[in-house]
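Architecture at a glance
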Amino acid sequence: GENVEQHPSTLSVQEGDSAVIKCTYSDSASNYFPWYKQELGKRPQLIIDIRSNVGEKKDQRIAVTLNKTAKHFSLHITETQPEDSAVYFCAARGADGLTFGKGTHLIIQP
Amino acid sequence: DARVTQTPRHKVTEMGQEVTMRCQPILGHNTVFWYRQTMMQGLELLAYFRNRAPLDDSGMPKDRFSAEMPDATLATLKIQPSEPRDSAVYFCASGDPDGIQETQYFGPGTRLLVL
């Protein structure tokens, strides 16, 4: 089955700086890669996703890149703000459905 | 704004008691997932239904956990007997992988504490 690795597990950045979270996947047949944001005590919520026929997607301060050859994808957050503090999960959809990474705790320092 | 709903939101019980968690998927979604989230293990897939049929429950301890979909609007996850190590947040998610939106949408979760 699919295996998703996510790094780093914790990321602390100064407010206004950029944050990058990286994930790798193992199943070359995986074709859909969503990112979820989970605030403390809340449900995971989709923030952006990318399909395998696209290399990059951007939505305001958030962007995701996908390298199918290397089987890795990344989340980029620019001009970070306090409300970006949360746990972020990447996922890859293979034959068995979505497989999630372990999550990255993003801390925005004032 | 359609959302997945779950009940109860919180449950405190004693070891050995039966626990039943319920989920109402988004209308029209044909896949339902149960996840368990803990600090140590992250998000673990417990069971997965498509068109109400169980497709994968390999992540679920079979001796005490059971998952069912009695109809398209209700999914249940049952633990009998419960143990302290079952304490976690249990999320239900639904999706429509054959439709335009492929992702899964999570419910608010059931926070379970087994004493």
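Residues numbered from 1 in each chain as written. Chains lettered and ligands numbered in written order. Predicted model: local features only at pLDDT ≥ 70, side-chain atom pairs only at ≥ 80, totals over all residues. Heavy atoms only, no water.

1. With respect to the overall build of chain B
Of the regular secondary structure elements, chain B holds 0 helices and 11 strands. Reading chain B from its N end, one meets helices and strands in the order β-β-β-β-β-β-β-β-β-β-β. Scaling as 2.2 N^0.38, a compact globule of 115 residues should have a C-alpha radius of gyration of about 13 Å, and chain B matches this with 13 Å. Here chain B, with 115 residues, has 46% of them falling under the buried criterion. Considering only residue pairs separated by 6 or more positions, chain B has 54% of its internal contacts joining residues 24 or more positions apart. Placing the 12 positive and 14 negative side-chain charges of chain B at their respective mean positions leaves the two points 5 Å apart. (Helix = DSSP H or I, 4+ residues; strand = E, 2+ residues; numbered from the N terminus. Rg over C-alpha atoms; globule rule 2.2 N^0.38 Å. Buried < 20%, exposed > 50% of the residue type's maximum accessible area, 1.4 Å probe, protein only. Contact = heavy atoms within 4.5 Å. Lys, Arg positive; Asp, Glu negative; His and termini not counted. Charge placed at Lys NZ, Arg CZ, Asp CG, Glu CD.)

2. Some remarks on the interface of chain A and chain B
Taken together, the contact pairs 17 residues of chain A with 17 residues of chain B. Linking chain A with chain B are 6 residue pairs in polar contact (both at pLDDT 80 or more). Breaking the side of chain A that touches chain B down by element, the ones donating at least two residues are strand E4 (32-38), strand E5 (45-51), strand E9 (86-94) and strand E10 (97-100) of chain A. Per element, the largest residue contribution to the side of chain A that touches chain B is 4 residues, and it comes from E4(A). In the side of chain A that touches chain B, the residues fall into 8 nonpolar, 3 polar and 6 charged. (Polar contact = N/O pair within 3.5 Å; in protein donor to acceptor, adjacent residues only side chain to side chain. Nonpolar A, V, L, I, M, F, W, Y, C, P; charged D, E, K, R; others polar.)

3. Observations concerning the packing of aromatic side chains
This structure, assessed with the given rule, holds 12 aromatic pairs over all chains. Geometrically, the ring pair formed by A:Tyr36 and B:Phe106 is edge-to-face, given 5.4 Å between the ring centres and 85 degrees between the ring planes. Of the two residues, A:Tyr36 is situated in strand E4 and B:Phe106 in strand E10 (residues 104-106); the pairing between them involves two chains. Members of the aromatic cluster, joined through ring pairs, are A:Tyr36, A:Phe100, B:Phe33, B:Tyr35, B:Tyr48, B:Phe91 and B:Phe106. (Phe/Tyr/Trp six-rings, centres within 6.5 Å; stacked < 30°, edge-to-face > 60°.)

4. What to know about the state of the cysteines
All names here are of chain A. According to the stated counting rule, one finds 2 disulfides over all chains in the structure shown. The disulfide bridge from Cys-23 ends at Cys-90, spanning 2.0 Å between sulfur atoms. Measuring handedness by torsion sign, the sulfur bridge of Cys-23 and Cys-90 sits at about -100 degrees and is left-handed. Within this pair, whereas Cys-23 is found in strand E3 (residues 19-25), its partner Cys-90 is found in strand E9, the two being separated by 67 residues in sequence. When sorted by exposure, Cys-23 lands in the same class as Cys-90, which is buried. (Disulfide = S-S within 2.5 Å.)

5. Quick look at the confidence of the model for chain A
Do not read the fine detail of predicted coordinates wherever pLDDT is low. Scored by pLDDT, chain A comes out at a mean of 94, with 100% of its residues at no less than 70. By mean pLDDT, E10(A) is the weakest element of chain A at 85, and E3(A) is the strongest at 98. (pLDDT = per-residue confidence, 0-100.)

6. Describing the pattern of salt bridges
Here the structure, examined in full by the defined rule, presents 9 salt bridges over all chains. A salt bridge links A:Asp49 to A:Lys57; the shortest N-O distance between them is 2.9 Å. Under the relative-accessibility criterion, A:Lys57 is labelled partly exposed at 33%. Ionic pairing is found between B:Arg85 and B:Glu83, a salt bridge with its closest N-O pair at 2.5 Å. Since its relative accessible area comes to 61%, B:Arg85 is described here as exposed. With relative accessibility at 23%, the residue B:Glu83 sits in the partly exposed group. Among the ionic contacts, a cluster of salt bridges with common partners joins B:Arg64, B:Glu83, B:Arg85 and B:Asp86. (Salt bridge = Lys/Arg side-chain N within 4 Å of Asp/Glu carboxyl O.)

7. Quick notes on a nonpolar patch on the surface
A grouping of B:Val12, B:Leu113 and B:Leu115 is seen on the molecular surface, where their side chains present a nonpolar patch of about 290 Å² in accessible area. Along the chain, B:Val12 turns up in strand E2 (residues 10-13). (Patch = residues over 30% accessible without salt bridge, like charges linked within 9 Å, V, L, I, M, F, W, Y side chains within 5 Å. Areas by Shrake-Rupley, 256 points an atom, 1.4 Å probe, with all protein chains shown as cover.)

8. Observations concerning the pairing of E9(A)
All names here are of chain A. Among the 9 residues of E9, 8 are classified as buried, and the element is accordingly described as predominantly covered. Here E4 pairs with E9 via 5 bridges, running antiparallel. Looking at the pairing, Gln-38 lines up with Val-87 of E9. Bridging between E9 and strand E11 (residues 104-109) involves 3 bridges; their strand directions are antiparallel. Within E11, the position partnered with Val-87 by the bridge is His-105. Hairpin connection between E9 and E10: a loop of 2 residues separates the two successive antiparallel strands. (Pairing = 2+ DSSP bridges.)

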